[in-house]
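Now for the letters of each chain:
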Amino acid sequence: RYPNYRLFPLPETPFPNVKIIVGEEYVRTTRATAPYLSFDFTHPLMCHAFQSFADRLEKPTHTDRNSLRRRLENRYLIP
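Residues numbered from 1 in each chain as written. Predicted model: local features only at pLDDT ≥ 70, side-chain atom pairs only at ≥ 80, totals over all residues. Heavy atoms only, no water.

Looking at helix 2 (residues 65–76)
Part 1 of the argument: Between its terminal C-alpha atoms helix 2 stretches 16 Å, which fits the 16 Å expected from twelve residues at 1.5 Å a residue.
Part 2 of the argument: Among the twelve residues that make up helix 2, one are buried, leaving the element largely open to the surroundings. (Helix = DSSP H or I, 4+ residues; strand = E, 2+ residues; numbered from the N terminus. Expected span 1.5 Å × (residues − 1). Buried < 20%, exposed > 50% of the residue type's maximum accessible area, 1.4 Å probe, protein only.)

Comments concerning the pairing of strand 3 (residues 38–41)
Part 1 of the argument: Sheet analysis places strand 2 (residues 27–31) next to strand 3, joined by four bridges and oriented antiparallel. Paired with Val27 across the strands is Phe41, a residue of strand 3.
Part 2 of the argument: Hairpin geometry of strand 2 and strand 3 is characterised by an intervening segment of six residues between the two adjacent antiparallel strands. (Pairing = 2+ DSSP bridges.)

Digging into unusual backbone geometry
Part 1 of the argument: In this structure, the amide linkage connecting Ala34 to the following residue, Pro35, adopts the cis form with an omega of -5°.
Part 2 of the argument: On the secondary structure map, Pro35 appears in the loop between strand 2 and strand 3.

A word on the environment of Phe39
Part 1 of the argument: Mapped onto the fold, Phe39 is located in strand 3.
Part 2 of the argument: Separated by eleven residues in sequence, Phe39 and Arg28 have C-alpha atoms that sit 5.6 Å apart.
Part 3 of the argument: Setting aside its immediate chain neighbours within four residues, Phe39 contacts Val27, Arg28 and Thr29. (Contact = heavy atoms within 4.5 Å.)

Structural data, given as structure tokens:
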């Protein structure tokens, strides 16, 4: 449905209390527990560093779309 949206489930969470959103022109890090706090990075070098980090996390977990769908359905849908 969204061509630029990619989901890569990781075997473990590298930062369990932080959500990271990596975009083309910004990166947002948000603390996932109270007190909630967010930082946005817009500097091109910081964005590139986070994109590289996300690419390294994604490499070992990359699967095709149908395999990912089956994996999520098996794990999260109640029969």
